[in-house]
Amino acid sequence: MAEILFLVHRAPWPPDRGDRIRSWHMFEALAKLAPVHVAALADNVEDAETARAKMAPLCKSLVIEVRKASRAVALVQAVLRGEPVSNHLFRNAALSRHVDNLVRQGGITHIVAFSGQMAQYIPVGFDGPVLMDFVDVDSAKFATYAEQDKRQPLNWVHKREAGVLGAYEAAVARRVDASLFVSEAEATLFRAQSGLHADKVRAIENGIDTDRFDPAAALEAVGQGAGPLAVFTGQMDYRPNIDAVRWFATDILPLIRQRHGEARFVIVGRAPTDEVRALAALPGVTVTGEVPDVRPWLAAADAVVAPLLLARGVQNKLLEAMAMARPVVASAAAATGIDAVPGEHLLVADNATGIAEAVCTLFDDSAAAAKIGQAARARMIERYGWDARLAPLGELLGLPA
């Protein structure tokens, strides 16, 4: 009898942020193949308790430990030991002991690890099939950080992490049966960095629940006001999201307001930093903080914007907006990996003037904006159902669906 151990860096429930959306749907897909033991971390006690209440009845066994590593301590330990900082941030002795004991007891036949930080928990010598879902090439993200930020010591920290983590990712990929990435672009990049080929490195894309993200759903009315509304959704303590909303609020929105004087920009997402909250002092900008449901804000938007300067993999925020039939304006980085036609399913621009012009085009012509939104939803239904996206898991694990 097959039993799967699912190692995940954040307990998957609730699926309300990009990593948890993918890991939750992966958990559901694995549970259709065999009983699943979940060993997970959580960022805080509340998250752990929420996940336990939902997931315990669905698992063969469930252990969630709260991670407590500080960034400063993790950096010192990583430098002294020549390891990635990312690993130390997600290192937990209690979870490691649990995993070792569980595997030693027998019964575990397959392991799936979600996010590169969890590779450190894969027991040495385990002889069953192992899948490593890296999701994104994290080492490439740190290399980009180093290129963008020359301030010391941050530049040194990012450059070091890019090199050490890149070597670690390649070593892990050589150990496991297959490494998964969220887009073909990420998989291609990793093949080039690691020297591995398509038999060992695969793309399994994200999907979207088009029944939940449905513009016909009855939703609370939000965002009412005089001017046209642009909306950004995301985890607002995440650096690429912070940089994106700051750029839009300070450089792009003023250009839009030259043509649409009452245009508004709403930043929707949990844990906004002080830097993000300060943007609410700018004309036309609102910061909501955490909301119980992003769908009402997507439904209210005249345009959903994703001006990300740095983006890896597939952006769930775009899939959600497109499934809600909203017209999207994205940077090329944010649109990378989404199988959609610019100009038909979404608008893509890269500089402040281009993004402002694209948003104004949508504000100027609501019929054309609605046409793009409807085409986007049709594309999501056609291309991005979760069952279809995750179907290869059974084949890769050697388990019949």
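Residues numbered from 1 in each chain as written. Predicted model: local features only at pLDDT ≥ 70, side-chain atom pairs only at ≥ 80, totals over all residues. Heavy atoms only, no water.

Caption draft 1: Here's a closer look at unusual backbone geometry. Backbone torsion omega between W13 and P14 reads 0 degrees, so that peptide bond is classified as cis. When you line up the elements, P14 lands in the loop between β1 (4–8) and α1 (18–31). The backbone phi angle of S115 is positive, close to 85 degrees, even though this residue is not glycine. Mapped onto the elements of the fold, S115 is located in the loop between β4 (110–114) and β5 (130–135). (Helix = DSSP H or I, 4+ residues; strand = E, 2+ residues; numbered from the N terminus.)

Caption draft 2: Representation of helix α2 (residues 45–55). Taken as a whole, α2 has its buried residues at A48, A51 and M55. Considered in projection along α2, the buried side chains sweep an arc of 70 degrees and stay on one side of the axis. Exposed and facing more than 90 degrees away from the buried side of α2 are V45, E46 and A53. The backbone nitrogen of E46 lies 3.2 Å from a side-chain oxygen of the residue at the head of α2, namely N44. (Buried < 20%, exposed > 50% of the residue type's maximum accessible area, 1.4 Å probe, protein only. Arc of directions from axis to C-beta. Polar contact = N/O pair within 3.5 Å; in protein donor to acceptor, adjacent residues only side chain to side chain.)

Caption draft 3: Geometry of the sheet that holds strand β3 (residues 61–66). An order of β3-β2-β1-β4-β5-β6-β7 is seen for the 7 strands of this open sheet, with the pairing classed as parallel. The sheet terminates laterally at β3 and β7 (201–203), the two strands that pair on one side only. Across the sheet, the mean angle from the axis of one strand to that of its neighbour is 15 degrees, orientation sign disregarded. In this fold helix α5 (residues 93–104) packs onto β1, β2 (36–42) and β3, with an angle of close to 170 degrees to the strand it touches most, β2. (Pairing = 2+ DSSP bridges. Axes fitted to C-alpha atoms, helices over the stretch in contact; angles between N-to-C directions. Contact = heavy atoms within 4.5 Å.)

Caption draft 4: Layout of the environment of R270. Topologically, R270 is positioned in the loop between β9 (264–268) and α10 (274–277). For R270, a relative accessible area of 17% gives the class buried. Taking the C-alpha atoms as reference, R270 lies 9.9 Å from D16; in sequence the two are 254 residues apart. Reaching out from R270, the side chain makes a polar contact with the side chain of Q235 at a distance of 3.2 Å.

Caption draft 5: Spotlight on the layout of surface pockets. Empty space within the second largest pocket amounts to approximately 390 Å³. Contributing to the lining of the second largest pocket are 17 residues, with A29, K32, W386, D387 and L390 lying nearest its centre. Counting residues per element, the ones that place at least two in the lining of the second largest pocket are α1, α16 (386–390) and α17 (392–397). (1 Å grid on protein atoms, 1.4 Å probe; cavity = no way out; pocket = protein on both sides within 12 Å on 5 of 7 lines; lining within 4 Å. Points joined across faces, edges and corners; volume = space filled by probe spheres on them.)

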